Amino acid sequence: MTAIAVTIAGSDSGGGAGIQADLKTFSALGVYGASVIAALTAQNTLGVTDIHDVPAEFVTQQIDAVFSDLAVDAVKIGMLSQPGVIRAVAEGLDRYAQRNVVLDPVMVATSGDMLMREESVAVLISDLLPRAALVTPNLREAARLLQADVAEDEVGMERQAEAILRLGAHAVLIKGGHGTGPESADLLVSAHGKRWFHAPRIDTLNTHGTGCTLSSAIAAGLARGLALEPAVDEAKRYITEAIAAADRLQIGRGHGPVHHFHKWW
């Protein structure tokens, strides 16, 4: 059987993050990718200049078109900027009984531009967190979910991961890529315990799409039948290699993308 994953997210016109990064990641990891576009961004390596929201009704039509035909093995959810779209996605997950759902609560672009409306955060927590097998916030996103300060150390990350579990998440991976120190440490916490994933911190400006890529790599692993922890382990290795190879690319004048196809060119 062909492993299939669907990304439900925003389009990045610059190609480094969002839908485009997710589809590249699926392909690189041997998974067929389909998509439901929830928003359009006018975006490049320098920043986001505008966002055009897709109507919730059309998001529903895309979900029905894809899931009624394709045997979907996993779903990655990224940028959802408005409450109506979040509710439409939640209803679609229920309608098609999706369980391998990776929720990346995309709120801020690498450039610092805001991607999620303030009123959408509460709906994301109430409607999508309980439906996700894994939620993957970075340090700033975890703090915003909890209306707290950004965690400054591993103890703070553990406390915030446990607090997000109490909000209804089944498992939480707090990504430490925006932290400091010689290592990039991600923390996975679930009812079964916790595990740290460490990798060397790579000195590069080309980190656009790292969060999207990591979460879609996890979804790709789940689509191929991996359990959650091995899927995270594989995804952490993949994103580390993609960041390490990012400077081989010469894309744009700002934060360039990671190299999704570093194994081939």
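Residues numbered from 1 in each chain as written. Predicted model: local features only at pLDDT ≥ 70, side-chain atom pairs only at ≥ 80, totals over all residues. Heavy atoms only, no water.

Draft legend 1. Representation of the overall build of the protein in the model. Counting its secondary structure elements, the protein contains eight helices and nine strands. Taken over C-alpha atoms, the radius of gyration comes to 17 Å for the protein, in line with the 18 Å a tight globule of 265 residues would show. For the protein, the spread of C-alpha atoms along the principal axes amounts to about 45 × 40 × 40 Å. Excluding contacts between residues fewer than 6 apart, the proportion of contacts in the protein whose partners are at least 24 apart in sequence is 67%. Summed over its atoms, the accessible surface of the protein is roughly 11500 Å², and 52% of this surface lies on carbon and sulfur atoms. (Helix = DSSP H or I, 4+ residues; strand = E, 2+ residues; numbered from the N terminus. Rg over C-alpha atoms; globule rule 2.2 N^0.38 Å. Contact = heavy atoms within 4.5 Å. Areas by Shrake-Rupley, 256 points an atom, 1.4 Å probe, with all protein chains shown as cover.)

Draft legend 2. Main features of the environment of Ala 42. Inspection of the secondary structure puts Ala 42 in strand S2 (residues 32-44). Ala 42 sits in the partly exposed class, given a relative accessible area of 33%. Sequence-distant contacts of Ala 42, defined by excluding residues within four places in its chain, comprise Ser 13, Gly 47, Val 48, Thr 49 and Asp 50. (Buried < 20%, exposed > 50% of the residue type's maximum accessible area, 1.4 Å probe, protein only.)

Draft legend 3. Spatial organisation of the environment of Gly 14. Relative to the elements of secondary structure, Gly 14 occurs in the loop between strand S1 (4-12) and helix H1 (18-28). In this structure the C-alpha to C-alpha distance between Gly 14 and Gly 256, which are 242 residues apart in sequence, comes to 9.5 Å.

Draft legend 4. Here's a closer look at the packing of aromatic side chains. Under the criterion given, the structure shown has two aromatic pairs. Considering the side-chain rings of Phe 67 and Tyr 96, the 5.7 Å spacing of their centres and the 25 degrees angle between planes classify their relative orientation as stacked. Here Phe 67, found in helix H2 (residues 56-67), pairs with Tyr 96, found in the loop between helix H3 (83-95) and strand S5 (101-103); they are 29 residues apart in sequence, far enough to count as distant. Taking the relative accessible area as the measure of exposure, Tyr 96 reaches 23% and is therefore partly exposed. Geometrically, the ring pair formed by Phe 261 and Trp 264 is edge-to-face, given 6.3 Å between the ring centres and 65 degrees between the ring planes. (Phe/Tyr/Trp six-rings, centres within 6.5 Å; stacked < 30°, edge-to-face > 60°.)

Draft legend 5. Representation of the side chain of Lys 175 within the structure. Inspection of the secondary structure puts Lys 175 in the loop between strand S7 (171-174) and strand S8 (183-190). For Lys 175, the side chain forms a polar contact with the side chain of Asp 104, separated by 3.0 Å. Not counting residues within four places of it along the chain, the set of residues in contact with Lys 175 comprises Asp 104, Thr 136, Pro 137, Asn 138, Leu 139, Ala 185, Asp 186, Gly 211 and Leu 214. (Polar contact = N/O pair within 3.5 Å; in protein donor to acceptor, adjacent residues only side chain to side chain.)

Draft legend 6. Summary view of H2. Between the first and last C-alpha of H2 there are 16 Å, a value that for 12 residues agrees with the 16 Å anticipated at 1.5 Å per step. In the core, the buried residues of H2 are packed alongside S1, S2, strand S4 (74-77) and H3. (Expected span 1.5 Å × (residues − 1).)

Draft legend 7. Quick peek at helix H4 (residues 118-128). Looking only at H4, the buried set comprises Ser 120, Val 121, Val 123, Leu 124, Ile 125, Asp 127 and Leu 128. Against the buried residues of H4 lie S4, H3, S5 and helix H5 (139-146).

Draft legend 8. How the structure looks around unusual backbone geometry. At Ala 97, a residue that is not glycine, the phi angle is positive and equals roughly 50 degrees. Mapping Ala 97 onto the fold places it in the loop between H3 and S5. For Ala 97, a relative accessible area of 47% translates into the label partly exposed. A positive phi angle, near 50 degrees, is found at Gln 147, a position not held by glycine. Inspection of the secondary structure puts Gln 147 in the loop between H5 and helix H6 (154-166). On the basis of relative accessibility, which here comes to 76%, the residue Gln 147 falls in the exposed class.

Draft legend 9. The arrangement of the side chain of Thr 45 in detail. Position of Thr 45 relative to the elements: it lies in the loop between S2 and strand S3 (47-53). Within polar-contact distance, the side chain of Thr 45 engages the backbone nitrogen of Arg 253 at 3.2 Å. A polar contact of 2.9 Å, which involves the side chain of Thr 45, links it to the backbone nitrogen of Gly 254. With residues near it in sequence (within four places) discarded, Thr 45 still touches Ile 251, Gly 252, Arg 253, Gly 254, His 255 and Gly 256.

Draft legend 10. Broad picture of the nonpolar core. Ranked by internal contacts, the top residues of the largest apolar core, which has 47 residues, are Ile 77, Leu 80, Val 89 and Leu 128. Among the elements that take part in this core, H3 stands out by supplying six residues, more than any other. Among residues more than four places away in sequence, those in contact with Ile 77 are Ile 8, Val 89, Leu 93, Val 101, Val 102, Leu 103, Asp 104 and Leu 128. Of all hydrophobic cores here, the second largest spans 28 residues; its members include Ala 5, Leu 134, Leu 173 and Ala 219. (Core = buried A, V, L, I, M, F, W, Y, C linked by side-chain atoms within 4.5 Å.)

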